[in-house]
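Here is how the chains run, residue by residue.
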Protein chains: 2
Amino acid sequence: MSALNQDYGTSLSWIAVDWGTSNLRVWAMDDNANILGSVESPLGMNAIAGDPKLSFEVVLVGLIDGWLTKDIVGLPVVICGMAGAKQGWLEAPYCDVPARPTDLAKGAVKPDVRDPRISVFILPGLCQRGDSDVMRGEETQLVGFMAAHPEFAGWVCLPGTHSKWARIADGKITAFRTYMSGEVFALLSQHSILRHSVDDGWDDAAFADAVRGACAQPTAFLHSLFGVRAGALVAPAGASVAPGASVLSGTVIGTEIADVLGLLQPGENIALIGAGKLASLYQAALAVHGHKATPQDGATITLSGLARAHATLVSTSKEN
Amino acid sequence: MSALNQDYGTSLSWIAVDWGTSNLRVWAMDDNANILGSVESPLGMNAIAGDPKLSFEVVLVGLIDGWLTKDIVGLPVVICGMAGAKQGWLEAPYCDVPARPTDLAKGAVKPDVRDPRISVFILPGLCQRGDSDVMRGEETQLVGFMAAHPEFAGWVCLPGTHSKWARIADGKITAFRTYMSGEVFALLSQHSILRHSVDDGWDDAAFADAVRGACAQPTAFLHSLFGVRAGALVAPAGASVAPGASVLSGTVIGTEIADVLGLLQPGENIALIGAGKLASLYQAALAVHGHKATPQDGATITLSGLARAHATLVSTSKEN
């Protein structure tokens, strides 16, 4: 999807950017939160940090130059994600939990830019002290989710290499937990002794059994892993063996979910943001425990979160 | 240590062998369980499986040929470890728990050998159905431990790449659990995002804190891991940060120990078999929970287990 040379004229009201580690996504927005156009690029934070000829402003203006008519001045560009990291465009210090969406918007930093046509706001990530944790980018998805579900109370799950679970109550993000599940699954299935037990085979029932097993022994993760291998070794000759990938995936995701379920308070709900295979696995694992959570599209929710931040920034600048 | 050309004459009563995946160790023994000599070799199971010119008998006889006078016939050679695996010399089917030391000895298999001077016994490993688990080699250490501590009741820990914990009661190995702690620590510290947080720095107090933390949140392993990184990111500027290796190691070992402590029954004890840095870490982690466990040398205990198996095999052959 590219809209590089599209001139939106006076409809163009602001620009939304989700700047990740390995890619970025940019939307041209009108005054009524309609998408006029969008563009994606592989020039995430890591690519820019690794190339002295690139800068965040050069990359951004290169993508949106065709949208910017000559007479535009100070068009708001609202960015979430790694552009605000220490190694990013300009560090946007973490906002502490508990945090309201407006706290996040007010924590935005403004890098100096050479191009007078844009005015850039970089949103902060969230941090939690005590039980140390950080996020950058997902907090904007949470803000988008809260805009669509203002009464929601409970835990929102964002599956990924590092899954995030955030507790939402009374219009605030009150706590969150990162789980290294995706990275641990990848390392174990590709580089540990369990790689001999993992192939393309898959069985939904074996996955569900492993999710149940992880909940029955929630402290036994490091032991349960070895069962992926031992299960095949102790099976009677000729017996069918559960596919290792299903068992390993169910053990990892199931252990993560068992920990969160232990924190769930009466009356709290669970919501799921994401798409594709991974979100479906989390949906299936939650269903094992009787929780119905339909995955909600992450990109739409990110854009909604950026729109809410933009609205706060506009009203704040009018107040001042 | 080499004693390849030593002639022990009629003192030589039997030969003990610990044949692992990546090396083997051989002892010349007299009738009173004294060590006459010993020899080590890197020709473990993997080296033999990878070289068509090698066989287990060729490797073994090559090491002990100098010990065997011409008139020796059928000298007992008692072997534990991977020589009994499916990919080993001859498969010695797993013995089920609960198992007595005599059950293990009676499960030994006898491969055909060309050299008439030796008579080879390969001891079986242990397996557990239900909560699937297997071991090969460590069961002989457990037998050696039980010979020295006949009244012991509780859990014996054998730290390693895959740590083993076995429950011993009434002269039987009743259950056991493998933990992939060593391999998980190595993968995380070398290949995950946590590698940026792990260097040569070490702090005993930070290790102990992480052990306590793992016990306070025993279901949170996949989340606690991320704290190794997040702890440094949320620390105030200028604050000292706990060395990542100590925190990661304490989290991994502490999670393993928290799971075992949850299984410990009143009156049960904990013992530790091993040596070096890793055994010291387990000793320190157990001390955090008030368990005093002095590491006992593994090689001595293996030899004691092989001696007990030899005694059973000799008395069984006299009975027959």
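Calculation criteria
Residues numbered from 1 in each chain as written. Chains lettered and ligands numbered in written order. Predicted model: local features only at pLDDT ≥ 70, side-chain atom pairs only at ≥ 80, totals over all residues. Heavy atoms only, no water. Pairing = 2+ DSSP bridges. Helix = DSSP H or I, 4+ residues; strand = E, 2+ residues; numbered from the N terminus. Contact = heavy atoms within 4.5 Å. Axes fitted to C-alpha atoms, helices over the stretch in contact; angles between N-to-C directions. Buried area = accessible area lost by both parts, 1.4 Å probe. Salt bridge = Lys/Arg side-chain N within 4 Å of Asp/Glu carboxyl O. Polar contact = N/O pair within 3.5 Å; in protein donor to acceptor, adjacent residues only side chain to side chain. Domains from an automatic or database assignment.

Here we come to the sheet that holds strand 5 (residues 95-96) of chain B. In space, the three strands of this open sheet follow the order 5-7-8 (chain B), with mixed pairing throughout. Each end of this open sheet is capped by a strand with a single partner; those strands are strand 5 and strand 8 (133-135) of chain B. Where strand 5 of chain B lies against strand 7 (residues 126-128) of chain B, two bridges are found, and the strand directions are parallel. Note on strand 7 of chain B: the bridge partner recorded for cysteine 95 of chain B is leucine 126 of chain B. Packed on one face of the sheet, helix 7 (residues 221-234) of chain A meets strand 7 and strand 8 of chain B and runs near 80° to strand 8 of chain B.

With that settled, the discussion passes to the sheet that holds strand 8 (residues 133-135) of chain A. Sheet architecture is open: three strands sit in the order 5-7-8 (chain A), paired in mixed fashion. One side of each edge strand has no neighbouring strand; the edge strands of this open sheet are strand 5 (95-96) and strand 8 of chain A. Together, strand 7 (126-128) and strand 8 of chain A form the strand contacts of helix 7 (residues 221-234) of chain B, whose direction differs from that of strand 8 of chain A by roughly 80°.

Contact residues are listed per partner, giving 41 residues for chain A and 41 residues for chain B. Together, the buried faces of chain A and chain B total about 3,500 Å²; carbon and sulfur atoms form 68% of this surface. The three residues of chain A that bury the most area against chain B are Met180, Leu222 and His223 of chain A, which together make up 21% of that side's buried surface. Our count for the chain A to chain B interface comes out at zero salt bridges. In this structure, the connection of chain A to chain B is made through 14 residue pairs in polar contact (both at pLDDT 80 or more).

Moving on: the domain arrangement of chain A. Residues and elements named next belong to chain A. Structurally, chain A comprises domain 1 (9-136) and domain 2 (149-305). Taking only C-alpha atoms into account, the centre of domain 1 sits 31 Å from that of domain 2. Domain 1 puts 20 residues into the contact, and the matching count from domain 2 is 13 residues. Between domain 1 and domain 2, the buried area comes to about 1,400 Å², and carbon and sulfur atoms account for 64% of it. In terms of surface lost to domain 2, no three residues of domain 1 exceed Arg100, Asp133 and Met135, which account for 32% of the buried area on that side.

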